[in-house]
Amino acid sequence: MKTLVIVSHPSFEQSTVIRTLEQVAKQYPGAAVRHLEGLYGSDPSRIDVAEEQKAHEGVDRIVYLFPIHWFNITPMLKAYLNRVWTYGWAFGPEGNALRGKAMQVVVSAGASEQTYSHQGLIESTMEEVLTPMKASALYVGMRYLPPLAFYDNMGPTEATLAAMRQAFSEQLAA
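About the criteria used
Residues numbered from 1 in each chain as written. Predicted model: local features only at pLDDT ≥ 70, side-chain atom pairs only at ≥ 80, totals over all residues. Heavy atoms only, no water. Helix = DSSP H or I, 4+ residues; strand = E, 2+ residues; numbered from the N terminus. Buried < 20%, exposed > 50% of the residue type's maximum accessible area, 1.4 Å probe, protein only. Contact = heavy atoms within 4.5 Å. Phe/Tyr/Trp six-rings, centres within 6.5 Å; stacked < 30°, edge-to-face > 60°. Pairing = 2+ DSSP bridges. Right-handed = clockwise from strand over helix to strand, strands pointing away.

## Side note on the side chain of Thr115
Okay, so step 1: One can find Thr115 in the loop between strand E4 (102-108) and helix H5 (126-129).
Okay, so step 2: The buried category is assigned to Thr115, whose relative accessible area is 17%.
Okay, so step 3: Leaving out residues up to four positions away in the same chain, Thr115 has contacts with Gly120, Leu121, Ile122, Glu123 and Ser124.

Following this line, the structure appears as structure tokens:
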């Protein structure tokens, strides 16, 4: 399966989890990895829309890899979706470039899984927090796969990182 992995992290140099998972994706056969901040910094006006749209050609699955950022996607990922998923390309007349492709969201969160529950502090599950990604995928005709979420990621141990690498590798191979 050909996979496009879109990585975003507003403080990538400080990230342990997303950097680790990006390395897994880079080693996966058939995967192309595009790190938004690495390509464009934090300036959405630098996003090369034509190049990003071209990167979606011929892939079966698109993985969005990012940390939950104030219970949302990262600012650069939001800007990316706003700029790249254009009318006539992703949706609207003739806009079917993403139709039939699978969307997989892979996220890290500093808070516990309990925090992301109806009994937790935010009274919302991770699936509910990611509803805009699901809605976007369905709107453009993608298949939305269940998200893969990693919790309690403030200073993970090597054993925890190894488990994350394994889980993400298995997800990519599915």
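## Things to note about the packing of aromatic side chains
Okay, so step 1: Scanning the model with the defined rule gives five aromatic pairs in all.
Okay, so step 2: For the pair Trp70 and Phe71, a centre-to-centre distance of 6.2 Å together with 70° between the ring planes defines the contact as edge-to-face.
Okay, so step 3: Here the aromatic residues Trp70, Phe71, Tyr116 and Tyr151 are joined through ring pairs into a cluster of three or more.

## Quick notes on the environment of Met126
Okay, so step 1: Mapped onto the elements of the fold, Met126 is located in helix H5.
Okay, so step 2: The spatial distance from the C-alpha of Met126 to the C-alpha of Met142 is 20 Å, given a sequence separation of 16 residues.
Okay, so step 3: Setting aside residues up to four positions removed in sequence, Met126 forms contacts with Ile68, Val107, Ala109, Tyr116, Ala149 and Tyr151.

## Describing the pairing of E4
Okay, so step 1: For E4, the tally of buried residues reaches seven of seven residues, placing the bulk of the element in the interior.
Okay, so step 2: Side chains of E4 alternate between two faces, with Ala102, Gln104, Val106 and Ser108 and Met103, Val105 and Val107 buried alike.
Okay, so step 3: Pairing of strand E3 (residues 61-67) with E4 involves seven bridges; the strand directions are parallel. Each residue of the ladder has a partner; that of Val63, found in E4, is Gln104.
Okay, so step 4: This β-α-β element, E3 to helix H4 (residues 75-84) to E4, shows right-handed connectivity.

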